[in-house]
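# Architecture at a glance
These are the residues of each chain, in order.
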Amino acid sequence: MKQQYGLALPVVVVLSGLCSLLLLAEWRSLVWAQALGHSAALRWQLQQSALDALRVAVEDIRHNTTDSRYHMGTSTDTHAFFPRTTPEWQVLQTRLAVSDCQNGICRSLGPDNPFLSPWLARLGKGQTIPAIAGQTVSYWVEILPTSTTVQSDQTFLYRITALAQSANNGPLSAWQAVWQAQPNAPDSLASPLRLNEFTRLLPLLP
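A short tour of the structure in this document, coming up. (Residues numbered from 1 in each chain as written. Predicted model: local features only at pLDDT ≥ 70, side-chain atom pairs only at ≥ 80, totals over all residues. Heavy atoms only, no water.)

### With respect to the overall build of the protein
Rules: Helix and strand definitions follow DSSP, with helices as H or I runs of at least four residues and strands as E runs of at least two, each counted in order from the N terminus. Exposed residues in this analysis have more than 50% of their type's maximum accessible area, buried residues have under 20%, and partly exposed residues fall in between, with area computed by a 1.4 Å probe over protein chains only. We get accessible surface area from the Shrake-Rupley algorithm with a probe of 1.4 Å; when it comes to residues, only the shown protein chains can shield them.
Scanning the protein from N- to C-terminus turns up three helices and seven strands. For the protein, the α and β elements follow one another from N to C terminus as α-α-β-β-α-β-β-β-β-β. The buried share of the protein, taken over its 206 residues, is 32%. Counting only carbon and sulfur atoms, one obtains 61% of the accessible surface of the protein, whose full area is about 12900 Å².

### A few points about the pairing of strand β4 (residues 135-145)
The criterion, for reference: Two strands are said to pair when DSSP picks up at least two bridges between them.
Burial within β4 is extensive, with nine of its eleven residues counted as buried. Taken together, the two bridges between strand β2 (residues 105-106) and β4 define a ladder with parallel strand orientation. Residue I105 lies in a different strand from β4, and its bridge partner there is V141. In terms of strand pairing, strand β3 (residues 127-129) meets β4 through three bridges, oriented antiparallel. When the sheet's bridge partners are listed, Q127 is paired in β4 with Y139. Note: β4 against strand β5 (residues 156-166), eleven bridges, orientation antiparallel. If you follow S138 over to β5, its bridge partner there is L163.

### Things to note about the layout of surface pockets
Rules: For cavity detection a 1 Å grid was placed over the protein atoms alone, and a set of points counts as a cavity when a 1.4 Å probe fits there but cannot get out; an open set counts as a pocket when protein lies on both sides within 12 Å along at least five of seven lines, with lining residues being those that have an atom within 4 Å of a point. Grid points are joined across faces, edges and corners, and a volume is the space filled by probe spheres set on the points. Classification used: nonpolar for Ala, Val, Leu, Ile, Met, Phe, Trp, Tyr, Cys and Pro, charged for Asp, Glu, Lys and Arg, polar for all others including Gly.
Of the pockets and cavities examined, the second largest pocket occupies roughly 160 Å³. Residue lining of the second largest pocket: R43, L116, L120, L172, S173, A174, W175, P203, L204 and P206, and that is the complete set. Top contributing element to the lining of the second largest pocket by residue count: strand β6 (residues 172-179), with four residues. The residue inventory of the lining of the second largest pocket, partitioned by class, reads eight nonpolar, one polar and one charged.

### Re the pattern of salt bridges
The test is simple: One side-chain nitrogen of Lys or Arg within 4 Å of one carboxyl oxygen of Asp or Glu is enough to make a salt bridge.
All told, the structure shown has eight salt bridges when counted by the stated rule. Note that D112 and R159 form a salt bridge whose closest N and O atoms lie 2.5 Å from each other. Taken as a pair, D112 in the loop between β2 and α3 (117-120) and R159 in strand β5 lie far apart in primary sequence, 47 residues in all. Under the relative-accessibility criterion, R159 is labelled buried at 5%. One network of salt bridges, with partners in common, ties together D112, E142, R159 and R200.

### Considering helix α2 (residues 86-95)
Keep this limit in mind: Contacts: residue pairs with any heavy atoms within 4.5 Å of one another.
The set of residues buried in α2 consists of T86, W89, L92, Q93 and R95. Looking at the buried positions of α2, the neighbouring elements they touch are β2, β4 and β5.

### A closer look at the state of the cysteines
Our working rule: When the sulfur atoms of two cysteines come within 2.5 Å, that pair is taken as a disulfide.
One pass over the structure, following the stated rule, counts one disulfide. The disulfide partner of C101 is C106, and the gap between their sulfur atoms is 2.1 Å. Disulfide C101 to C106: torsion about the S-S bond roughly 110°, handedness right-handed. Residue C101 is classed as buried on the basis of its relative accessible area of 1%.

### So, unusual backbone geometry
The phi angle at N103 is positive, at roughly 55°, despite the residue not being glycine. Examined against the element boundaries, N103 turns out to sit in the loop between β1 (101-102) and β2. Taking the relative accessible area as the measure of exposure, N103 reaches 45% and is therefore partly exposed.

### A look at the nonpolar core
Test applied: Residue types Ala, Val, Leu, Ile, Met, Phe, Trp, Tyr and Cys, when buried and joined through side-chain atoms within 4.5 Å, form a set referred to as a nonpolar core.
One finds L54, V141, I143, Y158 and I160 to be the most contacted residues of the largest nonpolar core, which totals 31 residues. Mapped by element, the contributors of at least two residues to this core are α1 (8-62), α2, β4, β5 and β6. For this core, the element with the highest residue contribution is α1, accounting for nine residues. Sequence-distant contacts of I160, that is, excluding residues within four places in its chain, are made with L54, A57, V58, I61, W140, V141, W175, Q176, A177, W179 and F198. Core analysis: the next-biggest nonpolar cluster, separate from the first, contains eight residues, C101, C106, L116 and A174 among them.

As structure tokens, this is what we get:
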């Protein structure tokens, strides 16, 4: 009788190898999909934090307490503050002549710039606010006069930039808005701020 060699074992080995490769490919696809989902969720959280920082900045502008942040002080003071009149705004420009921002209050920084890089260079000059664990959130407020003539009282335009960044220089989200107090608006901060109160709201480019 002729000796016969079975093919069952080689076929089983080949099929087992193919199944292992398919299982590994599927596992890698699941890991990749999970990573993409986590990244999307993180970016969404950062976006929400940056948008909420715009609200916090407006509340900061609308405050009117005895804190030096809301009063010019005397001629010997050097702190940044939110001006209420054109002469006060001129004093602010003088105080910020060397350092363009101080604790999130900035002088006019020129025309619109859709890029994020100038604000990354000003991280140490921003106003940092409490954020969820693993995030750093800051904002800057440029104060732009609607008139250069001396007035006892006037409204300003506020160009607000907010940046939310994850820990260890990870993903970030930055938004910029222009806000102006509406005539006859209530002074109370109890009235909620709506996004449609911003005359412009745009994300900044990397």
